[in-house]
Amino acid sequence: MFPTVSCPICLQPVLEENINKHLDSSCSVHVEPQGESSSRPKNTAPKKLALIFSKTRDKHTSTLANGPLVPPSMTQDTPTTSKKRKIEVSSLSSKRFKGTPSDFQSAVPLAERLRPQCLDEFFGQKHLTGPESLLMSMLDSGIIGSLILWGPPGCGKTTLSRLLARHVDCNFRELSATSSGTNDVRAVLEEAKATLSLAGRKTILFLDEIHRFSKAQQDVFLPCIERGQIQMIGATTENPSFRLTGALLSRCRVLVLERLTNDDIRGIITSAVERVLASVPREQSESQRVASPPVGTEPMISQSSLSRRPQSQSSQAPISCDGPFLPYAQLTDRVISSIVSLSTGDARTALSLLELVLTSKPDRDEHTLLASLRQSVSASYDRVGESHYDMISALHKSIRGSHGSAAMYWLARMLTVGEDPLYIARRLVVCASEDIGLADTHALPLAMAALQACQVIGMPECRINLAHCVGYLSEAPKCTRAYEAYNRAEVAAKLDPTIPVPVAVRNAPTALMKELGYSEGYNYNPSFRHPVHNDYLPTEFRSEKFLKEVGDLSDKDWNEQELLRWEQEGNGGRLWEGRSSAQHRR
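The structure displayed is predicted, hence computed values, not measured ones. (Residues numbered from 1 in each chain as written. Predicted model: local features only at pLDDT ≥ 70, side-chain atom pairs only at ≥ 80, totals over all residues. Heavy atoms only, no water.)

**Things to note about the layout of surface pockets**
- Looking at the largest pocket, its volume works out to about 1600 Å³.
- Around the largest pocket, the lining is made up of 34 residues, and of these Lys478, Leu553, Lys556, Asp557 and Trp576 lie nearest the centre.
- Those elements giving two or more residues to the lining of the largest pocket turn out to be helix 23 (481–495), helix 25 (560–569) and helix 26 (579–585).
- Each residue belonging to the lining of the largest pocket can be placed in one class, and the counts come to nine nonpolar, ten polar and 15 charged. (1 Å grid on protein atoms, 1.4 Å probe; cavity = no way out; pocket = protein on both sides within 12 Å on 5 of 7 lines; lining within 4 Å. Points joined across faces, edges and corners; volume = space filled by probe spheres on them. Helix = DSSP H or I, 4+ residues; strand = E, 2+ residues; numbered from the N terminus. Nonpolar A, V, L, I, M, F, W, Y, C, P; charged D, E, K, R; others polar.)

**Side note on the environment of aspartate 140**
- On the secondary structure map, aspartate 140 appears in helix 6 (residues 134–141).
- In sequence terms aspartate 140 and valine 168 are 28 residues apart; their C-alpha atoms lie 8.5 Å from each other.

**Observations concerning the packing of aromatic side chains**
- Inspection of every chain in the model, using the stated rule, returns four aromatic pairs.
- When the ring of phenylalanine 172 is compared with that of phenylalanine 206, the centres are 6.5 Å apart and the planes differ by 15 degrees; the resulting orientation is stacked. One end of the pair, phenylalanine 172, is in strand 4 (residues 171–176); the other, phenylalanine 206, is in strand 5 (residues 203–208), and 34 residues separate them in sequence. Exposure class is identical for phenylalanine 172 and phenylalanine 206. Each is buried.
- The lysine or arginine in question, arginine 506, covers the ring of tyrosine 518, its NZ or CZ lying 5.0 Å from the ring centre. (Phe/Tyr/Trp six-rings, centres within 6.5 Å; stacked < 30°, edge-to-face > 60°. Buried < 20%, exposed > 50% of the residue type's maximum accessible area, 1.4 Å probe, protein only. Lys NZ or Arg CZ within 6 Å of the ring centre and 35° of its normal.)

**Observations concerning the nonpolar core**
- One finds Ile269, Leu331, Val335, Ile339, Leu354 and Leu373 to be the most contacted residues of the largest nonpolar core, which totals 29 residues.
- Elements that contribute at least two residues to this core include exactly helix 4 (110–113), helix 13 (262–277), helix 15 (333–343), helix 16 (347–358) and helix 17 (366–375).
- Filtering out sequence-adjacent residues up to four positions away, leucine 354 remains in contact with Leu110, Ile269, Ala272, Val273, Leu331 and Ile339.
- The next biggest cluster of nonpolar side chains, apart from the first, holds 27 residues, and it includes Tyr423, Ala432, Ala447 and Val470. (Core = buried A, V, L, I, M, F, W, Y, C linked by side-chain atoms within 4.5 Å. Contact = heavy atoms within 4.5 Å.)

**A short note on the side chain of aspartate 440**
- By the element assignment, aspartate 440 lies in the loop between helix 20 (421–436) and helix 21 (443–456).
- Despite its burial, aspartate 440 pairs with no opposite charge; the closest candidate is lysine 478, at 8.8 Å N-O.
- Of the polar contacts made by the side chain of aspartate 440, one reaches the backbone nitrogen of histidine 442; its length is 3.0 Å.
- Once residues within four sequence positions are removed from consideration, aspartate 440 is found in contact with Tyr472, Ala476 and Pro477. (Lys, Arg positive; Asp, Glu negative; His and termini not counted. Salt bridge = Lys/Arg side-chain N within 4 Å of Asp/Glu carboxyl O. Polar contact = N/O pair within 3.5 Å; in protein donor to acceptor, adjacent residues only side chain to side chain.)

Here it is as C-alpha cells:
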C-alpha cells in the first residue's frame, strides 16, 4: 500500500509522493479516496517528508468548523510526564468519545450553540460592522491585519474574530492565554509560516484573554506580525494601554467594542427563542404544546436558514408570549425585560438566563422565577480592573461637584461589591486637601480620622464612618488654591533645578558660612512691629504668584451655557445667587 499523510491545509488523506503536487494545486487534486489502496513496487522506498506532513500533526490541527485549537501541551507527552499520568490521559481519552453527537450537542451552553454564522447575524457594534466602517473596508480588501479587540465580557469579541476569519478565508487557530503558553504559540506560528510558504494561505491566530500574557510572552508575536507571517486577533477586557506592551500595540489596531444596548440584547433573545422554536413542529396540538419543548434539541445550523426578520427590525421588536412563543408560557414580557436588565449588556449572560427560563416549568410562578434569576446573577466588579478606577473616580468627582447623593451612591456601590474600605478612605484623604483645601481646614483631620476608624473598626461598621466623611466633604466649601499653587510651582521648579537659593534665606549654622555671606541681609520677621521685605524667591521668579489671593478668579473660565444648564437641572430653575457678583469681577 502507498502510505498516506494528512494535508495540513484541507486535512484530506494524500499519498506521500503526491503531497507537493496536491499543495501546488490548492488542494484540488491527488486526494486519496477513503479506504482505497493500491500496490507499490517493493523496491521503492518511501520518500522522506517534512515534519509538517507527519501524521502526528493531526492531533494539533484544527479548523473553524471543529472549534478552537487544542494546545500541544494538551496532546503531546512531555519527557516529564509519568507513566501513571499517561495511563490516566489515555483512559480519559477513550472515555471521552463514547457519547453520541446529540449528547455532546446538548451539553454545549445555549450561548455557544447560537453563535452567529455570518456578519449579518451579528448584533451590536454598528461602528465596526456598519457598511461605512473602517473594519468593513479592510474586509473588502481581504486583509484585516493584526487587531486588538477591547471590550467588556459578552460583547462579541470571540464571535467577531471568528466571523472575520471566515470572511477573509484564512486558516483559523484559537488559543486562550489562560491555558496556553509560549510553546503552544510557537507551534501555531511555525505552522502558519509553513502554510504561507507552501500554499500561500494566511493564518489568523485568535488569542483570548491576551492581557494575561506577560510582557516577555507578548514579545513572541512581534517578529511574525512584523513580517506579515501571521495575523493576530487578541481579545481583552482590560485596558490595552496598561496590560499590553507598546511594541505590540504599535503593530496592531485597537478596536473598542461597546457594551451591548438593551435593544441589542432584546434582539438576541428574540433570535434565540425563534431558533429554539424552529425545532418544534408547528402542527402540534395545543395539548402537546403546553409543555415546553426541550432546550438543546435545536439544530446547530446557521441562523440564516431560518425565516427571521432583518436585524434592524428584530433588535427592536417587542416580544409577546401570545404569539409564536406560546409553548414557553413562563417567558412573559416581564421576564424578558428582567433578562435584558440583569444581563447589563452581556449577551452570554442574557442567553444563560434565557436558558434557565426555557428549562423551567411552564406553570412556574412569575415572581418566584424572577427572584431566582436575580439571585443567579452576581455583580461584576474587579478590584484591580478598570471598573475599580472608574467608580472611585466617580466618587471623587461627585464630592468635587458637591453632589452628596451621587457620592453616597458610588460609595455604596463599591462597598457592597467588596471594595477595600481603606482604599476609599485613602482617596478621601487626598480629596480633602485637593478639593476642599484651604476653604475648610477641618476636612483633612476628619478624613484622617475616617481612615483611622477603618483601620481600627473594619467592615461592616466602618461604612458609617466613610459615609460621615463623604457627606462632610460633599457639603464643605471647595478651594483648590493650594493644589493649583503647587502645580504652578512644580512647573517652575522643573525649568531649571540648578537655580541657587538666595543668599539672604540660606542657612548659616557655622561661622564660616556667615563669613561667606550666608543669611546676610535677612530680616527676622518676629523682631519687627511691622511687615518687612525679604528676597524669598530666586530672581527669575520674584514676580510670580504661585499661591493666588483669596477670590482671585483671573485664571477661571466663564461658560454661560453650562451655568444655565446647572441653574435648570441642578438649582431647580433658580438663578445662581453669585451670578451678579461674579459677572462684576469678569
